[in-house]
Amino acid sequence: MHLIHQPLVRVAAATLAALLLTLAAAMAGPVGQLVITDARGDRGMLAPYIHGKNGIGYLYTTYVFDSLLSQKKDGDVTPALAKRWTISRNGLVCDIYIDLRAHWHDGEPVTAEDAAFTFSYMQEHPYVFADVRNVKEAKVLSHDHLRLQLKKPDAGLLTGMLLSMPVLPKHVYADIVEPQRFAEPEAVIGSGPYKLADYNKAQGRYVLEANADYYLGAPKFKRIAIVKMATDAALRAAKADEIDIISYLPPERLEQAKESGLNVVKAFSNHSVRLGFNHSGRFGSKDLRHAIAYAINRPALISTVYQETADVADTGFFQEASPWHSDDVHPSYAFSPRKAADLLTAKGWSRAEDQLWYMDGEQVVLRVLASKRETKAAKVLAEQLETFGIKLDVRILERAALQDSLSEGNYDLALYASSTLGDPNGILRRVFGKKWASDGYSGKKLRALADAQSVATSRQQRQDILNKFQEVYSQELPAYAIANPYMVTAYNDKLSSLKFMPGGVAIGVPSALHKSYLVD
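Computed from a predicted structure; not experimentally measured.

Take the overall build of the protein next. The secondary structure content of the protein amounts to 15 helices and 21 strands. The C-alpha atoms of the protein give 24 Å as radius of gyration, which agrees with the globular expectation for 520 residues (24 Å, within 12%). Relative to its 520 residues, the protein shows a buried fraction of 56%. Pairs at least 24 apart in sequence give 70% of the contacts found in the protein among residues at least 6 apart. Total accessible area on the protein stands at roughly 23,200 Å², and carbon and sulfur atoms take up 51% of it. Positive and negative charge centroids in the protein, built from 60 and 58 side chains respectively, lie 1 Å apart.

Below you can see the structure in the form of structure tokens.
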């Protein structure tokens, strides 16, 4: 047991808050500087292989490293390091023409050699957010002309790989054998609109300086500071004009931010809270998955846990705000203890006089794993299922422990949040992958649809296939989406008309802070 001296904690917290407020005040003064607060703080050094393996770490890194393609504010792809591109009729060859106005932060020019090197390097050193295994060859035809030969057509080539993959400087990374350990100052030499000038891991603080030679326009701010600050302190600092943006404001604090004079932007996160099933155990049965779904009252759970800060999620994987969401109505599995009981009985479960469920004479006890963030939801879920007669063994775990337990398959049900944004090829890992936040599903019909959309030859064909995918997903129910929470960003008048990007930023990061807002 760990004993914590509460008064000392409060003093330390107050001291830290004062320090951060002083830093923020110093940074926020003259026009041309922007201070962003982040309640968590450290996201790792902003280099591709050492930033935090989460969406926010990736997002901050995109301020420093450009990809071949970028996004407009509406989410559509737009040129970045690639000023133009063509794709052959058979979808196997992509010619990319590099914008030779681009330079690395050390002054060296960006060329097709750098892009070709990046594909080769990431084949040897896989990068968590860009899968380049479908690239058969990356051939340099001239200083600005790169030809990609693919192993198979890729419907997500533009909106997936070319958008998400940060291009690396060959002259920096060519001799780096272990990029996961490469944290020297050279590791952050990118080609993006801002340079990383300072990083303090202990304080969770970043200072970015404008890249005055940025090829796509002048950075809007001379300096950006990203500082760790809890919500209460951030709201006080915003009211005193000491900070400019609260990147992720708890939705229930929205009105308070308005009263502090901040603008707010609110949108569904599409980072839905999902109930995962262990398909290698008893929940390999679709009927049992359906039974659990019918035994859960999602509107009541959301009303209790999230109040007005979330809505009932769509069961077809993609959520309503996704560009790929189907207009079809998917099964809602409205709360029905009778349907749940019928399905369980048909699978050999029986309910005894004590109103508890048994299987083969043994009381059914389901092990439920949940992340700490979903503690309240797990508690209400347990209350609902235990009222229905299913005993639960709920384990609330830190993120690392949760990942380990899920990977080991040591559970029946799991409650966690995961993204449904980004290029649809993400379903291949999010539904069929083996990593902890994947559904871990292996149904052939659904897999065939996922594969078919990945090689579709037109957007309409891809949408049609994805519509069918969502229909089948909602019927097979590899995971049961419970809630789609809102996200809120609060900001002052240094920026205008921020919006959460439809479909998410690049890999699917739900954010209103895409770098297009930081460049004139």
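A few words on the sheet that holds strand E5 (residues 93-98). The antiparallel open sheet is built from 4 strands, whose spatial order is E4-E5-E7-E6. Edge positions in the sheet fall to strand E4 (82-87) and strand E6 (135-142), since each of these pairs with one other strand and no more. Taken pair by pair, the neighbouring strands of this sheet meet at an average axis angle of 20°, ignoring direction. The sheet contact formed by E5 and strand E7 (residues 145-150) spans 5 bridges and is antiparallel. Note that in E7 the partner of Cys94 across the bridge is Leu148. Along the sheet, helix H3 (residues 112-124) makes contact with E5, E6 and E7, crossing E6 at roughly 160°.

Buried residues dominate E5, accounting for 6 of its 6 residues. Burial of E5 is two-sided: the residues Val93, Asp95 and Tyr97 facing one way and the residues Cys94, Ile96 and Ile98 facing the other way are all buried. Bridge count for E4 against E5 is 5 bridges, and the pairing is antiparallel. Among the inter-strand pairings, Thr86 is bridged to a residue of E5, identified as Asp95. In this antiparallel pair of consecutive strands, E4 and E5, the connection spans 5 residues, and Gly91 shows a positive phi of 75°.

On to the side chain of Asp439. In this fold, Asp439 is placed in the loop between helix H13 (427-430) and helix H14 (444-454). According to the relative accessible area criterion, Asp439 is buried, its value standing at 3%.

What follows covers the UniProt feature "domain: Solute-binding protein family" (unreviewed entry) in the protein. Sites flagged by UniProt as "domain: Solute-binding protein family" (unreviewed entry) map to residues 77-435. The span residues 77-435 shows a helical share of 27% and a strand share of 27%, and its end C-alpha atoms are spaced 28 Å apart.

In total, this model carries 20 aromatic pairs according to the counting rule given. Ring geometry for Tyr49 and Tyr127: centres 5.8 Å apart, planes at 65°, overall edge-to-face. Within this pair, whereas Tyr49 is found in the loop between strand E1 (33-38) and helix H2 (55-62), its partner Tyr127 is found in the loop between H3 and E6, the two being separated by 78 residues in sequence. The two residues Tyr49 and Tyr127 agree in class, both being buried. The interplanar angle of 35° and the centroid separation of 5.1 Å between the aromatic rings of Phe117 and Tyr121 together place this pair among those described as tilted. With Phe117 and Tyr121 both in helix H3 and 4 residues apart, this pair spans about one turn of that helix. When its relative accessible area of 12% is taken as the criterion, Phe117 is described as buried. Each member of the aromatic cluster is reached from another via a ring pair, and the members are Tyr49, Tyr58, Phe117, Tyr121, Tyr127, Phe129, Tyr173 and Phe182. The cationic tip of Arg351 hangs over the ring face of Phe388; the distance from NZ or CZ to the ring centre is 4.9 Å. The side chain of Arg459 reaches across the aromatic face of Trp324, ending 4.0 Å from its centre.

Each α-helix winds once per 3.6 residues, and so residues spaced three or four apart point in a common direction. Helix length check: H3, at 13 residues, gives a terminal C-alpha distance of 19 Å against a target of 18 Å (1.5 Å per residue), a fit within 8%. Residues Ala112, Asp114, Ala115, Ala116, Phe117, Thr118, Phe119, Tyr121 and Met122 constitute the buried set of H3. Looking at the buried positions of H3, the neighbouring elements they touch are E5, E6, E7, helix H4 (157-164) and helix H5 (170-173). For H3, the side-chain oxygen to backbone nitrogen distance between the N-cap and Glu113 is 3.1 Å, and the N-cap itself is Thr111.

Bringing the environment of Ala341 into the picture now. If you trace the backbone, Ala341 turns up in helix H10 (residues 337-346). Residues Ala341 and Ala291, spaced 50 residues apart in sequence, show a C-alpha to C-alpha distance of 7.1 Å. When residues no more than four places from it in sequence are discounted, the contact partners of Ala341 are Trp357 and Phe388.

So, on to the nonpolar core. Membership of the largest hydrophobic core comes to 81 residues, with the highest contact counts inside it found for Leu68, Ile96, Phe119, Leu162, Tyr173, Leu208 and Ile224. Top element by residues in this core is H3. It accounts for 7 residues. Ranked by size, the runner-up nonpolar core spans 42 residues in total, among them Phe283, Val364, Leu381 and Leu415.

Among the 10 residues that make up helix H8 (residues 286-295), 8 are buried, leaving the element largely enclosed by the rest of the structure. When we look at burial in H8, the residues that qualify are Leu288, Arg289, His290, Ala291, Ile292, Ala293, Tyr294 and Ala295. A side-chain oxygen of the first residue of H8 lies 3.3 Å from the backbone nitrogen of Asp287; this N-cap is Ser285.

Here we come to the packing of helix H9 (residues 298-305) against helix H11 (residues 375-388). The interhelical angle for the contact between H9 and H11, taken along N-to-C directions, is 140°, at an axis separation of 10 Å. Between H9 and H11, the angle is such that the two are oblique. Here the hand of the crossing between H9 and H11 comes out right-handed. Along the contact surface, H9 presents Ala300, Leu301, Thr304 and Val305, while H11 presents Lys376, Ala377, Val380, Leu381 and Gln384. Broken down by class, the residue content of the contact of H9 with H11 amounts to 6 nonpolar, 2 polar and 1 charged.

Below, the discussion takes up the side chain of Asp42. Along the chain, Asp42 falls in the loop between E1 and H2. Side chain to side chain, Asp42 and Tyr199 meet in a polar contact 2.5 Å long. If we ignore the near neighbours within four places in the chain, the residues touching Asp42 are Tyr199, Lys201, Gly204 and Tyr206.

Below, the discussion takes up the environment of Phe500. Checked against the element boundaries, Phe500 lands in the segment after strand E21 (479-491). On a C-alpha basis, the gap between Phe500 and Pro79 in space is 20 Å, while along the polypeptide they are 421 residues apart.

Rules behind the numbers
Residues numbered from 1 in each chain as written. Predicted model: local features only at pLDDT ≥ 70, side-chain atom pairs only at ≥ 80, totals over all residues. Heavy atoms only, no water. Helix = DSSP H or I, 4+ residues; strand = E, 2+ residues; numbered from the N terminus. Rg over C-alpha atoms; globule rule 2.2 N^0.38 Å. Buried < 20%, exposed > 50% of the residue type's maximum accessible area, 1.4 Å probe, protein only. Contact = heavy atoms within 4.5 Å. Areas by Shrake-Rupley, 256 points an atom, 1.4 Å probe, with all protein chains shown as cover. Lys, Arg positive; Asp, Glu negative; His and termini not counted. Charge placed at Lys NZ, Arg CZ, Asp CG, Glu CD. Pairing = 2+ DSSP bridges. Axes fitted to C-alpha atoms, helices over the stretch in contact; angles between N-to-C directions. UniProt positions renumbered as here; feature names shortened; annotations may be inferred. Phe/Tyr/Trp six-rings, centres within 6.5 Å; stacked < 30°, edge-to-face > 60°. Lys NZ or Arg CZ within 6 Å of the ring centre and 35° of its normal. Expected span 1.5 Å × (residues − 1). Polar contact = N/O pair within 3.5 Å; in protein donor to acceptor, adjacent residues only side chain to side chain. Core = buried A, V, L, I, M, F, W, Y, C linked by side-chain atoms within 4.5 Å. Parallel < 35°, antiparallel > 145°, perpendicular 65-115°, else oblique. Left-handed = near helix turned anticlockwise from the far one by under 90°. Nonpolar A, V, L, I, M, F, W, Y, C, P; charged D, E, K, R; others polar.

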